[in-house]
Every structure is written in C-alpha cells, then in structure tokens.
Amino acid sequence: MNDTQQQRSALVFGARNLGRGVIERLRDDGWAVAAVARSESTLATAQAAGALAMQGDVTDPDSIREALAKTTEAHGPVDLVVNAASAYGGTRSGPFGGGPLAEAAPTAFDDWAAAPGRAAFTFLSAAARYAVEQARPATLIQVTGGSARRAMPGRGLWAAGAFAVRAITQAAALELREQGIHVALLIVDAGIEPFEGGGREGVDRAALADPREIADAVAFLAGQGARAATHELQVTPLAERWVP
C-alpha cells in the first residue's frame, strides 16, 4: 500500500480457527481488521492477531449492524465482511447430522437444520443493508460446508441447513451485483483442523482443511474486481474425496 492508497477495512465474524486464519492473512496483506466473537478467549485471540475485537452475535441483526458501525468508525468504510462463525441451534442430540429421517425426533429439524439458514439470512440481510447504504463496492463472504452441495444418508437435516445457506447466499449475490457488491459462498468440503494444528482424533490429518490455506481463498475472493467475480468457491483437501 502506498501513501495515496486507503487502507482496506474488513470485519470477520468468528475468530477461533478459520476466522483467526483470515484475520492473520488480511493483516499480513495490510488490511485493517475487526473481529466479532462471543467468548472472551476468542476475543483475546483476535486482539492478539491484530484485530479490533468486539463481542457480538452473528444471529442478531442489531449486533451485526453495531459491529459494522464500529468498524467503520475505527477503520473507515468496510470493504469486506466474512461470516466464518458456526451457528447451531437446539440440543443437537443423537447422531451427527440428525440421523435417519425415519428415526428422527420431532425436534430434529430445529436442532440440525434451522439454525444455519437463519444465521446466514441474518448475516447477509444486515450486512447487505449496510453495504447498500455505504454506496460503494464491497465483498460479503459466507462460509459453509460441503453438505451445501449434496446430502448424505443420516445427515439430511444437516444438509437441509447447508442448502438453505447456499440458496440465501446465491439470492444475495444476484440481488446485489448490480450495485457493485460482490457476494460469495465459500464451501469448505472437509473438516477444519484447529488453528494450533495437531489434527483431530479419529480423522486423517491430510483430509482436514488447513485454516491458513482457506484464508488464502478468502483473500482471493476479496481481491476480485467487478468484471471477474466468483460467486461460489469450493475448497477440498487432496486427501479428501472430491464430489463434482
């Protein structure tokens, strides 16, 4: 960045693993970064990584708008907003993903499917409204998992939530592109390794996504121009099965 260029400003929701990787990558690229998290430990991590750390909730539109306003006050107009926070609802009891539909409990849909789509709606609605009011180019990135592309036996409810995230993000991309606002869905088709490394018990480490490498994908999306925008990007470790 030279003396005539304005420092770019970003706001990241979720700063524990992927969000932390994004913060560090953007800071390395010279961005001014703010981060939103719920726990004190995650906020401390974000602050240590060089971000303006704010407590907030991506499922609360007022909290999102407040974070955007504080970011603008501290760093100028927001160029990039990333939702890397995980939103879960209900008790999430039983097998991961909700289990077979014929065996699902009456509350299984709310437990496994409702929260992700609701969080994506809240994030994209509030962030889009703010971006439109700014009346300048910006990029909004929603992160989701590989279940946004296909369902698996026993995980239909989990996939239903991810499909909702994908549909809402696609709608936002179509609605905002004529106003110069780039909306992208980043699909991480694998589990994400903890930022500190060490893998996860019972999972081949080579099949886990590296949060730092995913952060490179976020930087790629954030750097695109109006004439060549990617609206959906899937990243998959080479050791994981890729499903086209």
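Residues numbered from 1 in each chain as written. Predicted model: local features only at pLDDT ≥ 70, side-chain atom pairs only at ≥ 80, totals over all residues. Heavy atoms only, no water.

Novice: Which residues make up the nonpolar core, and what values do they have?
Specialist: By size, the foremost hydrophobic cluster in this structure holds 31 residues, and its most contacted members are Ile23, Leu80, Val82 and Leu186. When residues of this core are traced back to their parent elements, those giving at least two are strand 1 (9-13), helix 1 (18-28), strand 2 (32-37), strand 4 (80-83), strand 5 (138-145), strand 6 (181-188) and helix 6 (211-222). In terms of residues, this core owes the most to one element, helix 6, which gives six residues. If sequence neighbours within four positions are ignored, Val82 has contacts with Leu11, Val12, Phe13, Phe123, Ile141, Val143 and Val218. Counting 24 residues, the second-largest nonpolar core is a separate cluster that includes Phe13, Met54, Phe123 and Ala127. (Core = buried A, V, L, I, M, F, W, Y, C linked by side-chain atoms within 4.5 Å. Buried < 20%, exposed > 50% of the residue type's maximum accessible area, 1.4 Å probe, protein only. Helix = DSSP H or I, 4+ residues; strand = E, 2+ residues; numbered from the N terminus. Contact = heavy atoms within 4.5 Å.)

Novice: So, empty space enclosed by the protein: which residues are in play, and what are the values?
Specialist: A full pass over the atoms with the stated rule returns one cavity of 30 Å³ or more. Counted as a void, the largest cavity has a volume near 40 Å³. Lining the largest cavity we find Leu68, Val78, Asp79, Leu80, Val81, Ala127, Tyr130, Ala131, Gln134, Ala138, Thr139 and Leu140. Breaking the lining of the largest cavity down by element, the ones donating at least two residues are strand 4, helix 4 (108-134) and strand 5. (1 Å grid on protein atoms, 1.4 Å probe; cavity = no way out; pocket = protein on both sides within 12 Å on 5 of 7 lines; lining within 4 Å. Points joined across faces, edges and corners; volume = space filled by probe spheres on them.)

Novice: For the sheet that holds strand 4, give the residues involved together with the corresponding values.
Specialist: Strand order in this open sheet of seven strands is 3-2-1-4-5-6-7, and the pairing throughout is parallel. Since the sheet does not close on itself, it has two edges, and those belong to strand 3 (52-55) and strand 7 (232-235), each with one partner. Put simply, the sheet's adjacent strands are angled 20° from each other on average, direction ignored. Where strand 5 and strand 6 come together, eight bridges link them in parallel fashion. (Pairing = 2+ DSSP bridges. Axes fitted to C-alpha atoms, helices over the stretch in contact; angles between N-to-C directions.)

Novice: Mind laying out the environment of Gly223, listing which residues take part and the relevant values?
Specialist: Within the element layout of this structure, Gly223 appears in the loop between helix 6 and strand 7. The sequence separation of Gly223 and Thr139 amounts to 84 residues, and the corresponding C-alpha distance is 9.0 Å.

Novice: Can you break down the packing of helix 3 (residues 61-75) against helix 4 residue by residue, with the values?
Specialist: Where helix 3 contacts helix 4, the two axes come as close as 9 Å, and the packing angle between them is 40°. When the interaxial angle is binned, helix 3 and helix 4 end up oblique. Handedness of the crossing formed by helix 3 with helix 4: right-handed. Contacts between helix 3 and helix 4 pair Pro61, Ile64, Arg65, Leu68, Ala69 and Thr72 from the former with Thr122, Phe123, Ala126, Ala127, Tyr130, Glu133 and Gln134 from the latter. By residue class, the composition of the contact of helix 3 with helix 4 is eight nonpolar, three polar and two charged. (Parallel < 35°, antiparallel > 145°, perpendicular 65-115°, else oblique. Left-handed = near helix turned anticlockwise from the far one by under 90°. Nonpolar A, V, L, I, M, F, W, Y, C, P; charged D, E, K, R; others polar.)

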